[in-house]
Amino acid sequence: MTRRVALLVLAAFVLIAAAGQAQAAGYRYWSFWDRDGDQWAYATQGPSTARPADGDVQGFRFSVSEDSGDAAQPRGTADFASICAKTPAEDGSKRVALVLDFGTASDAPSGETPPSPRTACAQVSPDATTADTLAAVAGPLRYDTNALLCAIGGYPKSGCGEQVSQNQENQKQEKQNGSAAPEEKNISDDDSGGGPSVGLITGIAAIAALAAAVTWQARRRRNATD
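> Looking at this model, I keep getting lost on the overall build of the protein. Mind explaining?
A count of helical and extended segments in the protein gives five helices and eight strands. Traced from its N-terminal end to its C-terminal end, the protein shows the element sequence α-β-β-β-α-β-β-α-β-β-β-α-α. Counting every position in the protein, which comprises 226 residues, the buried fraction comes to 34%. Summed over all atoms, the accessible surface of the protein reaches about 13,100 Å², with 53% contributed by carbon and sulfur.

Next up, the structure:
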């Protein structure tokens, strides 16, 4: 019986942990991609170190995602030939096609509206990095002190890779739908007055229910042996 109780309590704590993890939606940031044929591949280097070759297609997408595994890819099917069709090749330079996807309204920070996706053809020196190509056609850029790309074309105006909770995303969606949801709050702010989370309440209820079930079963067995 003791072993069964321990297993039931462990299962309840697993439920609590899962509920807590469900609160996290991810991070709001610009992801960086390389085009391989008709497929996008998450870049293995940052824009400041990557050096694209002439004819390469690179993309950037602003969105909320947990990591590279679920990051949203740039939208659109434009290739190098169509993006750089009006930019003739020149000796001593290279052409790099860029796909800039500013994301959706649900990805945008509070109070900001994402610009429409666009493409650009950067003609830069042969040793230029991706950051150089961006600066040539999509400024102003903004970086943080760790060289993380925060803004392309001035978007977004503030913030840089901040963590976003699921509650924040839900509140934002409610605002967009015209409801009077409370003001968004960064999860790094003090949240001591917000009360217990739904996940915690659910977990406590689960433990209570399991304990009651175990107690009832124990009493039933004792009554059966009397």
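> Can you walk me through the side chain of Thr133 in this structure?
The topology assignment puts Thr133 in helix H3 (residues 130–137). For Thr133, a relative accessible area of 0% translates into the label buried. Once you skip the residues sitting within four places of it in the chain, Thr133 turns out to touch Pro52, Val96, Leu98, Ala122 and Val124.

> Can you walk me through the state of the cysteines in this structure?
Structurally, a disulfide amounts to a covalent bond that connects the sulfur atoms of two cysteines. Within this structure, the stated rule accounts for two disulfides. There is a disulfide in this structure between Cys84 and Cys121, and the S-S distance comes to 2.1 Å. Linking Cys84 and Cys121, the disulfide has an S-S dihedral of approximately 105 degrees and is accordingly described as right-handed. Taken together, the residues span a long stretch of sequence, with Cys84 in the loop between helix H2 (80–83) and strand S4 (94–101) and Cys121 in strand S5 (residues 118–124) at a distance of 37 residues.

> Is there a simple way to think about the pattern of salt bridges in this case?
Once the charged atoms of two side chains with opposite charge are near each other, the side chains can pair. This structure, assessed with the given rule, holds four salt bridges. Residue Arg28 is joined to Glu162 by a salt bridge in which the shortest nitrogen-to-oxygen separation is 3.3 Å. One end of the pair, Arg28, is in strand S1 (residues 24–36); the other, Glu162, is in the loop between strand S7 (149–151) and strand S8 (163–165), and 134 residues separate them in sequence. A single burial state applies to Arg28 and to Glu162, both of which are buried. Where Asp101 meets Arg61, a salt bridge forms, and the shortest distance between an N and an O atom there is 3.6 Å. Remark: Arg61 occurs in strand S3 (residues 57–65) and Asp101 occurs in strand S4; sequence separation between them is 40 residues. A single burial state applies to Asp101 and to Arg61, both of which are buried. Several salt bridges share partner residues, and in doing so they unite Arg61, Arg75, Asp101 and Asp107 into one network.

Calculation criteria
- Residues numbered from 1 in each chain as written.
- Predicted model: local features only at pLDDT ≥ 70, side-chain atom pairs only at ≥ 80, totals over all residues.
- Heavy atoms only, no water.
- Helix = DSSP H or I, 4+ residues; strand = E, 2+ residues; numbered from the N terminus.
- Buried < 20%, exposed > 50% of the residue type's maximum accessible area, 1.4 Å probe, protein only.
- Areas by Shrake-Rupley, 256 points an atom, 1.4 Å probe, with all protein chains shown as cover.
- Contact = heavy atoms within 4.5 Å.
- Disulfide = S-S within 2.5 Å.
- Salt bridge = Lys/Arg side-chain N within 4 Å of Asp/Glu carboxyl O.

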